[in-house]
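# Survey of secondary and tertiary structure
One letter stands for each residue in the lines below.
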Amino acid sequence: QVQLVESGGGLMQAGGSLRLSCAASGRTFSSYVVGWFRQAPGKQREFVAAITRGGYDIDYADSAKGRFTISRDNAENTVYLQMNSLKPEDTGVYYCAAAALPSIYSFVNAEKKTWGQGTQVTVSS
């Protein structure tokens, strides 16, 4: 079992950039698929991006493609989400999640995910 702690959120003007970090505890972190989700006020939590254990498979939501980059450093037990060209609609609480899965394809709907506490991202127009 891993524990996840997000950081890096904040207030940014539209067009700016932020990098979120998801630090994990646990020696088996490298065996987990890890992803980012976000929840805007009054909306359901939605998938943003995910990366497999070795970093070879990556998946993005359409809203993130071309602007966001997910990466991981297993030696540092950390997954990053680089967010560029931020828009006001990117505002929300960003959550890191991890699941012990063999591939990325079932990650979004997997029930057994470990979640972090979330970090707030606010993008002003």
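A short tour of the structure in this document, coming up. Here the residue index of a chain counts from 1 through its sequence in written order. Owing to the predicted nature of the model, reporting of local features is limited to residues with pLDDT of at least 70; listing and counting of side-chain atom pairs is limited to 80 or more, with chain, interface and lining totals taken over all residues. Think of the side-chain values as coming from all heavy atoms in the structure, minus any hydrogens and water.

### Concerning the state of the cysteines
In this description, the term disulfide denotes a pair of cysteine sulfurs within 2.5 Å. Overall, the coordinates contain one disulfide when judged by the stated rule. Here C22 engages in a disulfide with C96; their sulfurs sit 2.0 Å apart. With the S-S bond torsion at -75°, the cross-link from C22 to C96 turns out left-handed. In this pair, C22 is assigned in strand β3 (residues 18-25) and C96 in strand β9 (residues 92-99), connecting sequence segments 74 residues apart. When its relative accessible area of 0% is taken as the criterion, C96 is described as buried. Strands here are runs of E lasting at least two residues and helices are runs of H or I lasting at least four, both read from the DSSP assignment and numbered beginning at the N terminus. In this scheme, a residue with accessible area under 20% of its type's maximum is buried, one over 50% is exposed, and one in between is partly exposed, where area comes from a 1.4 Å probe on protein chains only.

### Section: the sheet that holds strand β1 (residues 3-7)
By this definition, two strands are paired if DSSP reports at least two bridges between them. A sheet is described by the order of its strands in space; here four strands give the open sequence β1-β3-β8-β7, paired in antiparallel fashion. Whereas interior strands pair on both sides, the edge strands pair on one side only; in this sheet they are β1 and β7 (68-73). Put simply, the sheet's adjacent strands are angled 15° from each other on average, direction ignored. Two elements, β1 and β3, share five bridges in a ladder whose sense is antiparallel. When the bridges of β3 are listed, L4 appears paired with A24. Note on geometry: axes are lines fitted to C-alpha atoms, helical ones only across the stretch in contact, with angles between N-to-C directions running from 0 to 180 degrees.

### With respect to the environment of F47
Its place among the elements puts F47 in strand β5 (residues 46-51). According to the relative accessible area criterion, F47 is buried, its value standing at 14%. Distance from F47 to A14, taken between C-alpha atoms, is 21 Å for residues 33 residues apart in sequence.

### With respect to the packing of aromatic side chains
Ring pairs shown here join Phe, Tyr and Trp side chains whose ring centres sit within 6.5 Å, with only the six-membered ring taken for Trp; geometry is labelled stacked below 30 degrees between planes, edge-to-face above 60, and tilted in between. Counted by the stated rule, this structure contains four aromatic pairs. Arranged with centres 5.9 Å apart and planes meeting at 40°, the rings of F37 and F107 form a pair that is tilted. In this pair, F37 is assigned in strand β4 (residues 33-39) and F107 in the loop between β9 and β10 (114-115), connecting sequence segments 70 residues apart. For the pair formed by F37 and F107, the shared burial category is buried.

### Some words on the pairing of strand β8 (residues 78-83)
β8 sits mainly inside the fold: five of its six residues count as buried. In this sheet, β8 lies alongside β3 in antiparallel orientation, the contact comprising six bridges. Bridging across to β8, S21 finds its partner in Y80. Strand direction decides the pairing type here: β7 and β8, joined by six bridges, are antiparallel. Following the sheet pairing, S71 is matched in β8 by Y80. Counting the residues between successive antiparallel strands, the hairpin from β7 to β8 contains four residues, one of them, N77, with a positive phi of roughly 55°.

That's the geometry; what it means functionally is another story.
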